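# Survey of secondary and tertiary structure
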Number of protein chains: 2
Amino acid sequence: MLIRAFVPAHITAFFVPIIRDNPQDSGSLGAGINLEKGTNVFLNIEEGLERHIHVAFNGEPVKKEEAPITMHVANKIVPEDFVGEIEIWQYFDFPTGYGFGNSAGGALGSALVLGYKFGGTVLSLAKIAHEAEVVHKGGLGDVVAQLTGGIEIRIKEGGPGKAIVDNIINHEYKVLAIPIGELRTKEVLDDDVIRTIEKEGRISLQRLLQNPTPEVLMNEARRFAEATGLLSNDLLEIAREIDKVIFLPSSMIMLGKSIFALLRDEEEKKVKEVLKDLDLHYEICRVYWGKPLVERWIPNE
Amino acid sequence: MLIRAFVPAHITAFFVPIIRDNPQDSGSLGAGINLEKGTNVFLNIEEGLERHIHVAFNGEPVKKEEAPITMHVANKIVPEDFVGEIEIWQYFDFPTGYGFGNSAGGALGSALVLGYKFGGTVLSLAKIAHEAEVVHKGGLGDVVAQLTGGIEIRIKEGGPGKAIVDNIINHEYKVLAIPIGELRTKEVLDDDVIRTIEKEGRISLQRLLQNPTPEVLMNEARRFAEATGLLSNDLLEIAREIDKVIFLPSSMIMLGKSIFALLRDEEEKKVKEVLKDLDLHYEICRVYWGKPLVERWIPNE
């Protein structure tokens, strides 16, 4: 029997990192968007004489050291006395390291499929995924954001059950996502830029809470990206080209070398032409409004 | 333009009521199930020279006094200086007063459609719905449960953003719901039985948290219903007939004169035969896993 979980890709518009001793007290404030594409995780269990946990990314088996977050999750959920071969297959719709919350998607998706098999509530499983993310510096706010879905505002930091995550009502916008390159979360979060991020992130959050609309979200996303100096010139050039044909400003995905924008139906055609001219690969997808899924997976159904 | 919201019906398995001065501190502990059927609310706005709010239940316009919860919600969200005719149409898949969370569905659905038009985040809108429910004694835990979806456990009481609501992973069960008669929440919550409810509800919650599975949920639901004396003889007789052909015990919906059970696919046929013999109207539906929906509604799409 295969178990499948789906966790949406999560892109961050702006954020305030909050790191404390206890991972469940750590997290982020900020805002972001969950997408209908993301991470699919499949669990397959085979009989065996020992306890083995195997992880594969996009169909390719990886070593334990290459999957520390997933191994952290699995070791906490799979009972110590379990004997058999556990296979965790993670498939990502977006490239890893580009700001789409793949590590959190893999962590939360793995926690959910393992919980389906070995037990646990959604919050208790998500806490383990959040802990793995914080400890191994995968991200701070992705798990609680993905757990909530929609266009989200993290108004109180922390792990699942502690964070408070609100939603903006989405007025029929689609999301344009342009993955351009990798940016290591770890490096930026260790850098001096952190103080500017904290200051500008709090300003953006306050403004969005005063007027919680997709319009203010995108205005603040762009302001934050420029004010923190995170938006590099090459990305800014692309953003400006896109801005010529859409109403709301585009911005940078935090933290990846990627661009995102909210699109109205009538803007889709024009923006596709611009992206064709720029020769950029992109995705246009709907906002994923719900919670992550976990279910028995029946192929060809 | 019509705006539509869907809020799942919510049935409670067991509960502990917690009433405090501040409605946002009031709520309930306990567990319940959100269903794929429930409440649909449509908002239509027409021009007019004055500020009027009209409410209709299942297509029938009702007086303001008959819709105090919806009016409470509307008066908090519709700006005071708004001029025009606001029509709130609420359609219920289950009968009102039978324990399916219709009042909370109407409150939350109305808050969401009005928020789509006039602004507000999901939590801020849901807080208004929760307040209306608590103040007018519609219910205590339905709004936060419906906001979460799934098979839910309320582990901390309060309004939206304050309550902590967890989920059990649903292992492919469907829900059988048999609405039999009305039971006024207001009367039971004012009664002496409340102390027994509090005691037994806490025992059930503790046991479910120790072993959070659908099996324990149903065992505790039935134990709670019997231990509190809420399960009347006529309902008990029906429950026993159903129990003959299904694996998990059926129980009473809190608080309505209604029965519910969790069904496996292979049990569906047998239980339908029993219900036909008993000449009872019933619904079999899936668990609604996600959050309530709110969207622009385009007929015939």
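Heads up: the structure comes first, above all this text.
On a predicted model such as this, the values are computed, not experimentally measured, just so you know. (Residues numbered from 1 in each chain as written. Chains lettered and ligands numbered in written order. Predicted model: local features only at pLDDT ≥ 70, side-chain atom pairs only at ≥ 80, totals over all residues. Heavy atoms only, no water.)

## Comments concerning the interface of chain B and chain A
Between chain B and chain A, the contact holds 32 residues from the first and 32 residues from the second. If you look at where chain B meets chain A, you find 2 salt bridges. Between B:Arg296 and A:Glu172 there is a salt bridge, with its nearest N and O atoms 3.9 Å apart. Here chain B is connected to chain A by 22 residue pairs in polar contact (both at pLDDT 80 or more). Per-class residue counts for the side of chain B that touches chain A are 15 nonpolar, 12 polar and 5 charged. (Contact = heavy atoms within 4.5 Å. Salt bridge = Lys/Arg side-chain N within 4 Å of Asp/Glu carboxyl O. Polar contact = N/O pair within 3.5 Å; in protein donor to acceptor, adjacent residues only side chain to side chain. Nonpolar A, V, L, I, M, F, W, Y, C, P; charged D, E, K, R; others polar.)

## Observations concerning the packing of aromatic side chains
Scanning the model with the defined rule gives 16 aromatic pairs over all chains in all. Here A:Phe6 and A:Tyr288 contribute two aromatic rings whose centre-to-centre distance is 5.2 Å and whose plane-to-plane angle is 65°, an arrangement assigned as edge-to-face. Placement of A:Phe6 in strand β1 (residues 2–18) and of A:Tyr288 in the loop between β11 (283–286) and β12 (293–297) is noted, with a sequence separation of 282 residues between them. The class of A:Phe6 is buried, set by a relative accessible area of 6%. For A:Tyr288, a relative accessible area of 11% puts it in the buried group. An angle of 80° between the planes, with centres 5.2 Å apart, marks the rings of B:Phe82 and B:Phe118 as edge-to-face. Of the two residues, B:Phe82 is situated in the loop between α1 (68–77) and β5 (84–92) and B:Phe118 in helix α2 (residues 102–118); the sequence distance between them amounts to 36 residues. Through pairs of rings, three or more aromatic residues link up here, namely A:Phe14, A:Phe15 and A:Phe224. Taking NZ or CZ as reference, A:Lys291 lies 4.2 Å from the ring centre of B:Trp289, over its face. (Phe/Tyr/Trp six-rings, centres within 6.5 Å; stacked < 30°, edge-to-face > 60°. Helix = DSSP H or I, 4+ residues; strand = E, 2+ residues; numbered from the N terminus. Buried < 20%, exposed > 50% of the residue type's maximum accessible area, 1.4 Å probe, protein only. Lys NZ or Arg CZ within 6 Å of the ring centre and 35° of its normal.)

## Digging into unusual backbone geometry
Residue and element names in this part refer to chain A. Residue Met 254 is joined to Leu 255 through a cis peptide bond whose omega torsion reads -5°. Structurally, Leu 255 can be placed in the loop between β9 (251–252) and β10 (257–263). Phi at Lys 137 is positive, roughly 55°, even though this residue is not glycine. With respect to the helices and strands, the residue Lys 137 is situated in the loop between α3 (122–135) and α4 (142–148). Of the residues examined, Lys 137 reaches a relative accessible area of 44% and is grouped as partly exposed.

## Some thoughts on empty space enclosed by the protein
Counted by the stated rule, this structure contains 1 cavity of 30 Å³ or more. Taken as a whole, the largest cavity spans an internal volume of roughly 30 Å³. (1 Å grid on protein atoms, 1.4 Å probe; cavity = no way out; pocket = protein on both sides within 12 Å on 5 of 7 lines; lining within 4 Å. Points joined across faces, edges and corners; volume = space filled by probe spheres on them.)

Just distances and angles here, no functional claims.
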